[in-house]
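# Structural overview for review
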Amino acid sequence: MNQNNTNENKFFLTDMEENQEGIIISVLGGRMATKRLADLGLTPKTEIKVFKKAPFSGPVMIEVRGSKLIIGLGLASKILVKLK
Amino acid sequence: MNEKKKLNIVLAGQANVGKSVIFNYLTGLHQHIGNWPGKTIEKAEGTLFYKGYTIDVVDLPGIYSLTTYSIEESISREYIASQKPDFAVNVVDAVHLERNLLFTLQLLELGRPTVLALNMINLLKERGIEINFKILEKILGVPVVPIAAIYRKGITDVLDRGIELLNFQSPTPQNRLKYGKEVEQAIEILVEALEGINTPYTKRWLALKLLERDGEIEKLIREKNSELLKNVENLRTQLEKIHGHDSSIVIADERCHLAFQIIKEVMKITPLKKISLQERFDAVTAHKIWGYFTMTAIMASMFLVIFKFGDWLSGLLEIIFANLQSWFETISGISVLASLFLAVLKSVLALIQIALPYILPFYLILFLLEDWGYLARVAFLMDNLMHKLGTHGKASIPLLLGFGCNVPACLSCRIMETERERFLTGILTVFVPCSAASVIIMGLVGKFVGMYWAFALYVFAILIIFVIGKLASKILPGEATELIMEMPDYKRPSLRTIILQTWFRLKEFIYIAGPLVIISGIIIEGIYWAGWFPFIDNLLSPISVKWLGLPAITGILLIFGILRKELILVMLSTTLGTANFAQVLSPIQMLTLAIVSMLYIPCIATIAALRKEFGWKKTLGVTVFKIFFAIAVAGSISKILSIFL
Ligand SMILES: Nc1nc2c(ncn2[C@@H]2O[C@H](COP(=O)(O)OP(=O)(O)OP(=O)(O)O)[C@@H](O)[C@H]2O)c(=O)[nH]1
Ligand SMILES: [Mg+2]
C-alpha cells in the first residue's frame, strides 16, 4: 500500500473511464467504509467494471459480482484498482 | 404435538429482495413495496393460519451483514439470535445470487433452522441465468425453494419445507462450508477456548465475530472471560500478517471467495445476444447528459399528466355532483335533518371532486416510478447536488416520496446513515409539496390562475428546499457520509403492485380525510351558529387579511388545514358554496393561499412522524420555523406580486 509506488497500472476508481474493467487492490478508507464495501462484496481482488460516472464530480456506478453499486466520489477516490 | 401448533418465523435477507412482498402475501398486511433498497425500516409482525398452524411472521429490514454497524443490523441479529424463531426464511434475489450469498453465509453461521427462498426466478430466463437448485441445496445444507413472490408462486412451498424441517427434528444444520485454512484454524482455537461460555450464539459464530472485531460480541465476551480477548487479539494479528488486511476484511474476503466458489458450481450464465430493454433504459437514464435530460422530462411530464388528468376528472365530477345535489335538494324537502345531511354530502362530494382527481394520478405515477426502479437513479444523478445540502444522493429518495405524502417520506429518512443526515433530510422532506398541497397548487392556481403559475410554484418549492438545505447544513455542521448504495435493476413494473399500493393510499385517504371534512364542516357550521366568527376573524386577521391579503375566512381554514392540507381548499368550497374560486379570490390571493398552504406547517400526521423519528424538540423547532417562514415568504410574495399584477 505504498503510495509512492508509481506502478503505471495502479489507478483510483475515480480515474477509470466508463466501461473500463479493473481489479480492486485495496481500499484506503476508514474501517467503517471498508467494512461496508466488503459487505457488498467489494474486497481486494474483486473484479469490477465502471458502468457510468455522473458528471460534476458525482458518484461512480460500477458492476460487481453481477450487481450494480453506486459509490460517492470521496469514497471512490480511496479505492485503488489495477486495470485488467 | 397435540398442544397448540404455534410457529414463529422470520423473513431475513438483503435489501430489496422481496421480503415484504412475501410478508404481505402471507399476512394480508400492506408493507411498503418498491424497487429500491431500504423500504422496511422496522420489523413488522403478522399472523397467518396454515395447515393447522398459527404462524407468526416477522418482516425484518433488509441488511447486508450481521456485524453490528447499523441499527437495522443489530435489530435483525438480536431478533434472529435471541428470539429464536422456529425457522428463518432467508429471502434471496436469484439474479444477484452471488452478492446475496454473502449474507446467507453469515445467517447460516448463526445456526438457526433456515429455508432459502430463492426469489425472482421469473427473471432468470430473460437474463440468461440458470441455477441448479439441487446442488445449491446440497452445498448449503438447507432447503432451497425457488419462488416468484410477486406472482405468488412457491411461497407455500417455503412454509412446507420449513415445517418439514422442524418435524423431522433434524439437528441444526451442520455447516459444512469451510473458509481458508488459516481462518479455520483460528476459528478452531477460539471455539475450544469458548467452551463453557454461555451465550445465545453458536461457538463458531462467536469465534467469527470476534475475529471480525464485532464490538457488541467483544463486550459480551469481556464480561464473561476477558482473558480470552488477548487470545483473540493474537489470532487477529496473525491473520492480518498473513493477508495484509484488517482481520474483518480477511473474513469478508473469505466469504466473498466462498460465495464465488458456490456460484461457479450452481450458476450458469449465457451472455445475452442483445442488450435488454431495461439495460438500455439504464444506459440512458444514468447518462451524463441524457440522464438529467430524462429526469427533467419525467418530472415535467408527470406534472403535465397529473394536472391535465386532474383538471379533466374534477370538471367531470363537478357536473355529475351538481346534478346529484340538485336532485337531492328536490326530493329531500326542507328540514333540519335534510340540511344537515346536505352539508355533509356537500363536503364529502367536494373532497372527492377537488382532491381525488389529483391525488389518484399522483400515486399511480409515483408508484410506477418506484416499482420500475427510477428512484435509485435519481439518487445517482443528484448525489453531487445533495452534497451541497449536507447530505448525499440517497436523500433524494425520501424527497421524491415526499411528493406523494410527507409521512412515509419522513420515515424513510432512516436510509440515511447518520443522525445528522437523517434530520437534515427530514427537514427537507417536510418542505416538499405533498399530494395534498398539490391539490391546492393544481386545483386552485393551475386551474384558475394558469398552468405555468402552478409549474412555477413547484420550481419555487424546489428552490426553497435548496435554500433551506444550505442553511440547515450550515447550522448542523458535519461531514456528509459517502454514498454507498446498491443499484436495483430496472424491472418491468408490476401493474398489480402499483394498483394495490395506490388503492391502499386512497383507502387511507378516504377513511381519514372523509371523517375529517365532515367533522370540520360541522365544527365550522357550529362556530358560525354560535357567532364566534367575528371573534376568530379578528384574532387572525392581522396575519390573514392585513399581511397576507387573504379573505378573513381563510384564517380558520388554515387552522383546519393542519389536519390535512386539502381541507383548506375543500372547506373553502363548501363554506363559499362554490368550487369556482375565481369568483371569490383574486389571482394574487390564490397564489398567496397556495404558497402559505404549501409551506406553513407539516400536517398532523407528518408532525407525528417527525416526532417519532427525531423527538419533540426538533419537531417543534421545525414546525414553528415553518409557520413563521411561510407567513414571511407568502406575505412578501403577495406584496411583490401586487406591484406587478
Ligand atoms: N420480477 C420480480 N420482482 C419481484 C419479485 N418479488 C419481488 N419483486 C420486486 O422486488 C422489489 C422489492 O420487493 P420488496 O418486497 O419491497 O423487498 P424487501 O426485501 O422487503 O426490501 P426492503 O424492505 O427494502 O429491504 C419490488 O419492486 C417487487 O415488486 C419476483 O418474484 N419477481
Ligand atoms: Mg421490505
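Cut-offs and rules
Residues numbered from 1 in each chain as written. Chains lettered and ligands numbered in written order. Predicted model: local features only at pLDDT ≥ 70, side-chain atom pairs only at ≥ 80, totals over all residues. Heavy atoms only, no water. Donors = N, O, S within 2.8 Å, 3.2 Å for Na, K, Ca; no water. Helix = DSSP H or I, 4+ residues; strand = E, 2+ residues; numbered from the N terminus. Buried < 20%, exposed > 50% of the residue type's maximum accessible area, 1.4 Å probe, protein only. Near = heavy atom within 4 Å. Polar contact = N/O pair within 3.5 Å; in protein donor to acceptor, adjacent residues only side chain to side chain. Nonpolar A, V, L, I, M, F, W, Y, C, P; charged D, E, K, R; others polar. Phe/Tyr/Trp six-rings, centres within 6.5 Å; stacked < 30°, edge-to-face > 60°. Lys NZ or Arg CZ within 6 Å of the ring centre and 35° of its normal. Domains from an automatic or database assignment. Contact = heavy atoms within 4.5 Å. Buried area = accessible area lost by both parts, 1.4 Å probe. Patch = residues over 30% accessible without salt bridge, like charges linked within 9 Å, V, L, I, M, F, W, Y side chains within 5 Å. Areas by Shrake-Rupley, 256 points an atom, 1.4 Å probe, with all protein chains shown as cover. Salt bridge = Lys/Arg side-chain N within 4 Å of Asp/Glu carboxyl O. Pairing = 2+ DSSP bridges. Axes fitted to C-alpha atoms, helices over the stretch in contact; angles between N-to-C directions. Arc of directions from axis to C-beta.

### As for the coordination of the magnesium ion (ligand 2)
Around a metal, the idealised angle for a tetrahedral arrangement of four donor atoms is 109.5 degrees; for an octahedral arrangement of six donor atoms it is 90 or 180 degrees. Residue and element names in this part refer to chain B. Taken together, Ser20 (OG) and Thr40 (OG1) make up the full set of protein donors to the magnesium ion (ligand 2), lying 2.0 Å away. One end of the pair, Ser20, is in helix 1 (residues 19–27); the other, Thr40, is in the loop between helix 1 and strand 2 (44–50), with 20 residues separating them in the sequence. The pair Ser20 / Thr40 is uniform in exposure class, with both members buried.

### So, the site of ligand 1
Residues and elements named next belong to chain B. Contacts to ligand 1 come from 25 residues, most closely from Lys19, Ser20, Lys39, Thr40 and Ala149. Contact between ligand 1 and Asn122: a nitrogen atom at 2.9 Å from a side-chain N or O atom of the residue. Asp371 places a side-chain nitrogen or oxygen 2.9 Å from an oxygen atom of ligand 1. The leading source of residues in the shell around ligand 1 is helix 1, at three residues. A breakdown of the residues in the shell around ligand 1 according to their chemical character gives eleven nonpolar, ten polar and four charged.

### Observations concerning the packing of aromatic side chains
Counted by the stated rule, this structure contains 18 aromatic pairs over all chains. For the ring pair Phe281 of chain B and Trp372 of chain B, a centre distance of 5.2 Å and an interplane angle of 90° mean the geometry is edge-to-face. Of this pair, Phe281 of chain B sits in helix 11 (residues 277–285) while Trp372 of chain B sits in helix 14 (residues 356–372); the two residues are 91 residues apart in sequence, bridging distant segments of the chain. A relative accessible area of 13% means that Trp372 of chain B is categorised as buried. A ring pair is formed by Trp372 of chain B and Tyr374 of chain B, whose centres lie 5.9 Å apart and whose planes are at 10°; its orientation type is stacked. Above the plane of the ring of Phe51 of chain A lies Lys52 of chain A, whose end atom (NZ or CZ) is 5.3 Å from the centre. Lys5 of chain B extends its terminal NZ or CZ atom over the ring of Tyr53 of chain B, reaching a point 4.6 Å from the ring centre.

### Description of the domain arrangement of chain B
Residues and elements named next belong to chain B. Structurally, chain B comprises domain 1 (5–175), domain 2 (178–269) and domain 3 (291–480 + 495–644). For domain 1 and domain 3, the distance between their C-alpha centres works out to 39 Å. On the side of domain 3, 17 residues touch domain 1, which itself brings 16 residues to the contact. Of the roughly 1400 Å² buried between domain 1 and domain 3 on both sides combined, carbon and sulfur atoms contribute 56%.

### Points about unusual backbone geometry
The phi angle at Phe56 of chain A is positive, at roughly 50°, despite the residue not being glycine. Of note, Phe56 of chain A is situated in the loop between strand 3 (47–53) and strand 4 (60–64). Not every positive phi belongs to a glycine, and Lys84 of chain B is a case in point at roughly 45°. Along the chain, Lys84 of chain B turns up in the loop between helix 2 (71–82) and strand 4 (87–93).

### Considerations on a nonpolar patch on the surface
Residues and elements named next belong to chain B. Taken together, the side chains of Trp453, Ile640, Ile643, Phe644 and Leu645 make up a nonpolar region of the molecular surface, amounting to roughly 580 Å² of accessible area. A total of three residues in the nonpolar patch trace back to one element, the largest contributor, which is helix 27 (residues 616–644). Mapped onto the elements, Trp453 comes out in helix 20 (residues 451–475). By relative accessible area, which is 33% here, Trp453 ends up partly exposed.

### A look at the sheet that holds strand 5 (residues 67–71) of chain A
If you trace the seven strands from one edge of the open sheet to the other, you get 1(A)-6(A)-2(A)-3(A)-4(A)-5(A)-9(B), paired in antiparallel fashion. Each edge of the open sheet carries a strand with a single partner, namely strand 1 (10–12) of chain A together with strand 9 (484–487) of chain B. The mean angle between the axes of side-by-side strands here comes to 40°, regardless of whether they run parallel or antiparallel. Judged from the five bridges that link them, strand 2 (residues 21–27) of chain A and strand 6 (residues 79–83) of chain A form a sheet pairing that is antiparallel. Among the inter-strand pairings, Gly22 of chain A is bridged to a residue of strand 6 of chain A, identified as Leu83 of chain A.

### Comments concerning the pattern of salt bridges
Per the stated rule, a full pass over the model turns up 36 salt bridges over all chains. For the salt bridge of Lys68 of chain A with Glu279 of chain B, the shortest nitrogen-to-oxygen distance reads 3.4 Å. Of the two residues, Lys68 of chain A sits in strand 5 while Glu279 of chain B sits in helix 11, which places them in two different chains. Under the relative-accessibility criterion, Lys68 of chain A is labelled buried at 5%. We classify Glu279 of chain B as partly exposed; its relative accessible area is 27%. For Glu42 of chain B, the salt bridge identified is with Arg414 of chain B, shortest N-O distance 3.5 Å.

### Things to note about helix 26 (residues 604–614) of chain B
All names here are of chain B. All of the buried residues along helix 26 are Thr606, Ile607, Ala609, Leu610, Glu613 and Phe614. One side of helix 26 holds all its buried residues, which, seen down the axis, span an arc of 160°. Residues of helix 26 that are buried sit in contact with helix 17 (406–411), helix 18 (419–429) and helix 27. Phi turns positive, to about 90°, at Gly615, one or two residues after helix 26.

### Brief notes about the side chain of Gln501 of chain B
Relative to the helices and strands, Gln501 of chain B resides in helix 21 (residues 495–530). Those residues in contact with Gln501 of chain B that lie beyond four places of it in its chain are Gln31, His32, Ile33, Gly34 and Phe367 of chain B.

### Observations concerning the interface of chain B and chain A
In this complex, chain B contributes 36 residues to the contact, which on the side of chain A involves 39 residues. Counting the surface lost from both chain B and chain A, the interface buries some 3500 Å², and carbon and sulfur atoms represent 62% of this. With a shortest N-O distance of 3.0 Å, Lys288 of chain B and Glu18 of chain A are connected by a salt bridge. Elements with a minimum of two residues in the side of chain B that touches chain A: helix 3 (97–109), helix 10 (247–266), helix 11, helix 15 (374–388) and strand 9 of chain B. Looking at the side of chain B that touches chain A, the element that brings in the most residues is helix 10 of chain B, giving five residues. Class assignment of the residues belonging to the side of chain B that touches chain A gives a composition of 15 nonpolar, eight polar and 13 charged. Where strand 5 of chain A and strand 9 of chain B come together, four bridges link them in antiparallel fashion. Bridge pairing in strand 9 of chain B places Lys68 of chain A opposite Met487 of chain B.

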